Amino acid sequence: MEFDDSFFLLRIILINFVPENERSLPLTIFFSMKKSMNVLTRLKLTRKEVLDDYRIAVESRQASLTGRREVLTGKAKFGIFGDGKEIPQLAMAKVFKTGDWRSGYYRDQTFMLAAGMTTLEEIFAMLYGDTDPKANPANGGRLMNNHFATRTLDKNGNWLDLTKLKNSSADSSPTASQMPRLLGLAQASKFYKKNNGSDEFKKFSHHGNEVAFGTIGDASTSEGHFFETMNAAGVLQVPLAMSVWDDGWGISVPNQFQTIKGSISEALRGFEKGKNTNGFYIYREYAHNYPALVKMYREGISRCRKEQVPVLFHVIGCTQPQGHSTSGSHERYKTHEQLEEEKSRDGILKMREWLLKESIATAEELDAIESDATRIVKQARKNAWKNFQKPLIAKRDEFLKIVNISTCNCGKTDAIRAIKEELSKVGEPIRKDIMSSGKKILRLLCDQCSDPSNSLKTNVTKWLETERLDTVKRYNSHLYSESAHSAMNIKAVPPKYEKEPKYVAGREILRDNFDYIFKTNPLVLAFGEDVGKIGGVNQTYEGLQEKYGSDRIFDTGIREATIIGQGLGMAIRGLRPIAEIQYFDYLLYGLQVLSDDVATLHYRTNGGQKAPLIVSTRGHRLEGIWHSGSPLSMVINSIRGMHVAVPRNMTQAAGFYNLYLESDQPVLIIEPLNAYRLKEKYPANTGKFKTPAGIPEILQDGSDVTLVTYGSCVRIAQDAIAQLKKFAIDVELIDVQTLIPFDINHRILESLKKTNRIIFFDEDVPGGATSYMMQKVIEEQGGFYYLDSEPQTLTAQPHRAAYSTDGDYFSNPNAEDVFDKVYNLMHEFDPVKYPKIF
Ligand SMILES: Cc1ncc(C[n+]2csc(CCOP(=O)(O)OP(=O)(O)O)c2C)c(N)n1
Ligand SMILES: [Mg+2]
């Protein structure tokens, strides 16, 4: 029945059956109902939906308040919450559909709850650092609380059907680090929309209909990543929906020190999309205005989704009821007046006022929702704490039972008893307490008691080993792919050659190999500066854009961080991007994204997400500080979690692309810059040969000295070796091929066993990648025990490479340096046979 019909009916009832003086109350109720229904009709929402939203907001706030108390009472180490940002997140959740993506930050608690992507219990489990993946599926206790993620992989590391899920990429702590990946998440939709239909895409996209939602704090918009991403999104015209939760503060630093004109939407007016321009749509709304926010998100996201254009939602007037985090109090930097003013425009308070004003609910109904919320959150906290504590208490009890001193008569029983006593008194034991007690007790136990197969020492040792293995799984797993598609499971396939192979410029081998890849794998894309139209500065993609289209091989702006971000976001969504950084030295601009995001993704989600991205660059052996291409230690120390491949020529490089595209392991491949035009034998099995990961190649057998190197230094070494041969010195040359992983079968040790002398050679700084290799071989492989001479390194000078051929000669190691190093080693060993040269 329509409202007006029911009004007509009511009037008839009132006139016929109710005395005149008793008709006003039902009429008032009826009119207020009519008013609220009008509001709800205009908003296209039901009363239930709105009240559900209010409930979620109140529960979320209650979780924030309770969470802070958990930290202050010592149950959790640190806490950061979403209070003050509840209302806009309800509105955002309404337009977030199955298949969509989020790339956000720690304030998105209410959104995650409203979208059904987390639960109150999970929020508390995260706070405690629960490592049980069931209790804490976002990060398995590896990250601080409110670092959200949904799982995109099953337990074997295989893709789930992402079109059937609401997806959140994995949060990370550095401010604005969510931005570069957001660009790729959005671009994937555009790619999938244009390249519809392939079976390979089915699990990842529904005709490219998905929106990538970003969130960021007002202060974090000051980061370069924000501007770089927004500019690129405006240029690329991708469905990226950026919300800025503006509370006017970045911890203690107010807006006026952060943003031009104190307003990010004002500052970005020049980025706004005009009638016939690119750019993005800009919306601005108050954080406490629920109906306006609902309308804003509906309209903005509908344009974003349909037109595939970016949108900026600047949500002003957010608050921070509890300050920034548990690390400090905002009373230190906000005045009493400021704090009171914030309270007066609290979003939840304003929503309540609105619900009452519009007669959508009565005060009693809202009071009931609020008291229910307190109860529900209390219960969630209790459950999460119990789940977290129960196995720990059980573990502690099990350990105390095992350490039954009566079975050991010669141990230092008093001291052992004291440790046990102390452990048993710990109210809320953690693994560290138990492990530490176990190790201390073991030191006090003797070996002589009873049956050694069942002695206390044996039992405690066994228990500790089991626990160690368990913690390895808990804290050390998933740095690299452990799935069936791990690069480590893929066998090498050597290049095959015709009887009389032709010799071609190395870049042609790469180009033809890429041609094969693009032809056979619809998921692969390649992009970077000058990659599209001209096919790369070294022509390794020559002609491929014309052949496969500019959706698959394309140019980007000069913006390394977001080139990597583009690749990362697209790889998270199932594509196989090759993101090119034009020169290795410029990887520094994107290193933050590699180090904090790409390299940690699989680990920080405890195996819940992967991004099998290939970052391709070129390096080694040029000249000048910014084209020397040698900062290997910069990457091996900061991007653990990725593989680092350092091929010596283009055939080896092509073999790495083939290997990694078959695997799900992210990798950095550094092509040797000065080898594109050098002639190489043309392989007959283009696209099929594979260079293995972690397997060095012995390029020359020798018996006097082992020389370990990689990349362009291989050729320098070969030159030196030829010179050394004339002095009867026999060098074994080893190309490590990948720095990460490094010589997994200890092949270098085998060489050292034969030569007993070893030199690690590259053009990184002293103490750089050569020291890394030395530690691997001498310490990890046990090479120390086979040395007859001091192990040596040969590197570039400590200063950066100087310009010009002479600059290079006196900055970087050259064949003469290699000769001298090897010769001197032999001289030291046998001065008669190898007399001093100079
Ligand atoms: C790169 C980086 N610098 C500094 C920090 C420390 N930090 C964490 S949050 C924060 C303030 C962020 O403010 P804003 O973006 O406005 O978000 P809000 O917390 O106010 O929602 C700072 C400085 C960090 N996490 N990362
Ligand atoms: Mg802020």
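## Here's the deal with the sheet that holds strand β21 (residues 758–761)
The pairing of strands in a sheet comes from backbone hydrogen bonds and takes either a parallel or an antiparallel form. Read from one edge of the open sheet, five strands run β17-β19-β18-β21-β22, paired in mixed fashion. The open sheet has two free edges, formed respectively by β17 (697–700) and β22 (792–794), since each of these has just one partner strand. Each strand axis lies, on average, 25° off the axis of its neighbour in the sheet, ignoring direction. Direction of pairing for β21 relative to β22: parallel, over a ladder of three bridges.

## Observations regarding the coordination of the magnesium ion (ligand 2)
Binding of the magnesium ion (ligand 2) to the protein goes through D218 (OD), D247 (OD) and W249 (O), at separations of 2.0 to 2.1 Å. Donor residues for the magnesium ion (ligand 2), ordered by position in the chain, follow D-x28-D-x1-W. With D218 in the loop between β3 (212–217) and α8 (224–236) and W249 in strand β5 (residues 249–250), this pair connects stretches of sequence that are 31 residues apart. Side by side, D218 and W249 carry an identical accessibility label, which is buried.

## Notes on a nonpolar patch on the surface
Taken together, the side chains of L9, I13 and F17 make up a nonpolar region of the molecular surface, amounting to roughly 330 Å² of accessible area. Its location among the elements puts F17 in helix α1 (residues 3–17). The exposed category is assigned to F17, whose relative accessible area is 66%.

## Concerning empty space enclosed by the protein
Per the stated rule, a full pass over the model turns up four cavities of 30 Å³ or more. In this model, the largest cavity occupies a volume close to 100 Å³. By residue class, the composition of the lining of the largest cavity is seven nonpolar, five polar and two charged. In this structure, the second largest cavity encloses a volume near 60 Å³. In this structure, the second largest cavity is lined by Y105, Y106, S172, S173, P174, T175, A176, Q178, I216, G217 and S220.

## Some details on a positive patch on the surface
Together, K77, K432, K439, K440 and R443 make up a region of like positive charge exposed at the surface. By secondary structure assignment, the location of K439 is in helix α15 (residues 431–443).

## Some thoughts on the site of ligand 1
In the neighbourhood of ligand 1, 17 residues make up the surrounding shell, with Y105, Y106, R107, D218 and S220 lying closest. One of the side-chain nitrogen or oxygen atoms of R107 is found 2.8 Å away from an oxygen atom of ligand 1. Starting from 580 Å² of accessible surface for ligand 1 in isolation, the protein chains cover 71%. A class-by-class count of the residues in the shell around ligand 1 yields six nonpolar, seven polar and four charged.

## Points about the pattern of salt bridges
Summed over all chains, the structure comprises 50 salt bridges. K343 serves as the salt-bridge partner of E340, at 3.2 Å between the closest nitrogen and oxygen. Note that E340 and K343 are positioned in helix α11 (residues 336–344) at a spacing of three residues, about one turn of the helix. Residue K343 is classed as exposed on the basis of its relative accessible area of 54%. Between D512 and R511 there is a salt bridge, with the nearest N and O atoms lying 3.0 Å from each other. Accessibility assignment for this pair places D512 and R511 in one class, buried. A single network of salt bridges, built from pairs that share partners, joins R507, E508, R511, D512 and E542.

## So, the sheet that holds strand β7 (residues 281–286)
With parallel pairing, six strands are arranged side by side in an open sheet as β2-β1-β3-β4-β8-β7. With partners counted over all chains shown, the strands left at the sheet margins are β2 (167–168) and β7, one partner each. Helix-sheet contacts for α8 involve β3, β4 (240–245) and β8 (311–316), and the interaxial angle to β4 is about 145°.

## What to know about the packing of helix α3 (residues 47–72) against helix α4 (residues 86–94)
In the contact formed by α3 and α4, the axes pass within 10 Å of each other and the chain directions differ by 130°. Relative to α4, α3 is oriented oblique. Our pair here, α3 against α4, has a crossing hand that is right-handed. Within the contact between the two elements, α3 uses E49, D53, I56, A57, S60 and R61 and α4 uses E86, I87, L90 and K94. Looking at the contact of α3 with α4 residue by residue, the class counts come to four nonpolar, one polar and five charged.

## Observations concerning unusual backbone geometry
The peptide bond linking I740 to P741 adopts the cis configuration, its omega dihedral lying at -5°. The backbone of N146 sits at a positive phi, close to 55°, despite the residue not being glycine. Overall, the relative accessible area of 0% leaves N146 in the buried class. Even without being a glycine, I251 presents a positive backbone phi close to 50°. Following the sequence through the fold, I251 ends up in the loop between β5 and β6 (253–254). Given the relative accessible area of 45%, I251 is considered partly exposed.

## Observations concerning the environment of L699
The topology assignment puts L699 in strand β17. When the C-alpha positions of L699 and V714 are compared, they lie 9.0 Å apart, and in sequence the two are 15 residues distant. If sequence neighbours within four positions are ignored, L699 has contacts with R648, V714, Q718, L733 and D735.

## Section: the packing of helix α7 (residues 178–194) against helix α19 (residues 560–572)
The N-to-C vectors of α7 and α19 enclose an angle of 50°; their axes lie 6 Å apart at closest approach. Of the possible angle classes, the one that applies to α7 and α19 is oblique. Both α7 and α19 take part in a crossing whose hand is right-handed. For the pair α7 and α19, the contacting residues are P180, R181, L183, G184, L185, Q187 and A188 in the first and A561, T562, G565, Q566, L568, G569, M570 and I572 in the second.

## Section: the nonpolar core
Formed by 156 residues in total, the largest nonpolar core has its most connected members in Y297, L587, L632, V635 and L739. By residue number, the principal contributor to this core is helix α13 (residues 363–402), which donates nine residues. Contacts of L739, omitting those with residues within four sequence positions, involve L632, I636, V644, V646, Y710, Y772 and M773. In terms of nonpolar packing, the next biggest core, distinct from the first, is built from 35 residues, Y541, F656, I669 and F689 among them.

## Structural notes on the state of the cysteines
Note: disulfide means a covalent bond formed between the sulfur atoms of two cysteine side chains. Within the structure shown, the criterion is met by zero disulfides. This cysteine, C318, is not joined by any disulfide, and C304 carries the nearest cysteine sulfur, 20 Å off.

## Details of the packing of aromatic side chains
A full pass over the atoms with the stated rule returns 30 aromatic pairs. For the pair Y192 and F201, a centre-to-centre distance of 5.2 Å together with 70° between the ring planes defines the contact as edge-to-face. Taking 5.0 Å as the distance between ring centres and 10° as the angle between the ring planes, the aromatic pair formed by F527 and F554 counts as stacked. On the criterion of sequence distance, the pair formed by F527 in strand β10 (residues 524–528) and F554 in strand β11 (residues 553–555) is long-range, its members being 27 residues apart. As far as the burial class goes, F527 and F554 line up, both buried. Clustering of aromatic rings is evident, with ring pairs tying together F727, F819, Y823 and Y834. Over the ring of Y281 we find R303; its NZ or CZ atom is 3.5 Å from the centre of that ring. The residue whose ring lies beneath R757 is F829, and the NZ or CZ to ring-centre distance is 4.0 Å.

Criteria and cut-off values
Residues numbered from 1 in each chain as written. Chains lettered and ligands numbered in written order. Predicted model: local features only at pLDDT ≥ 70, side-chain atom pairs only at ≥ 80, totals over all residues. Heavy atoms only, no water. Pairing = 2+ DSSP bridges. Helix = DSSP H or I, 4+ residues; strand = E, 2+ residues; numbered from the N terminus. Axes fitted to C-alpha atoms, helices over the stretch in contact; angles between N-to-C directions. Donors = N, O, S within 2.8 Å, 3.2 Å for Na, K, Ca; no water. Buried < 20%, exposed > 50% of the residue type's maximum accessible area, 1.4 Å probe, protein only. Patch = residues over 30% accessible without salt bridge, like charges linked within 9 Å, V, L, I, M, F, W, Y side chains within 5 Å. Areas by Shrake-Rupley, 256 points an atom, 1.4 Å probe, with all protein chains shown as cover. Salt bridge = Lys/Arg side-chain N within 4 Å of Asp/Glu carboxyl O. 1 Å grid on protein atoms, 1.4 Å probe; cavity = no way out; pocket = protein on both sides within 12 Å on 5 of 7 lines; lining within 4 Å. Points joined across faces, edges and corners; volume = space filled by probe spheres on them. Nonpolar A, V, L, I, M, F, W, Y, C, P; charged D, E, K, R; others polar. Lys, Arg positive; Asp, Glu negative; His and termini not counted. Charge placed at Lys NZ, Arg CZ, Asp CG, Glu CD. Near = heavy atom within 4 Å. Polar contact = N/O pair within 3.5 Å; in protein donor to acceptor, adjacent residues only side chain to side chain. Contact = heavy atoms within 4.5 Å. Parallel < 35°, antiparallel > 145°, perpendicular 65-115°, else oblique. Left-handed = near helix turned anticlockwise from the far one by under 90°. Core = buried A, V, L, I, M, F, W, Y, C linked by side-chain atoms within 4.5 Å. Disulfide = S-S within 2.5 Å. Phe/Tyr/Trp six-rings, centres within 6.5 Å; stacked < 30°, edge-to-face > 60°. Lys NZ or Arg CZ within 6 Å of the ring centre and 35° of its normal.

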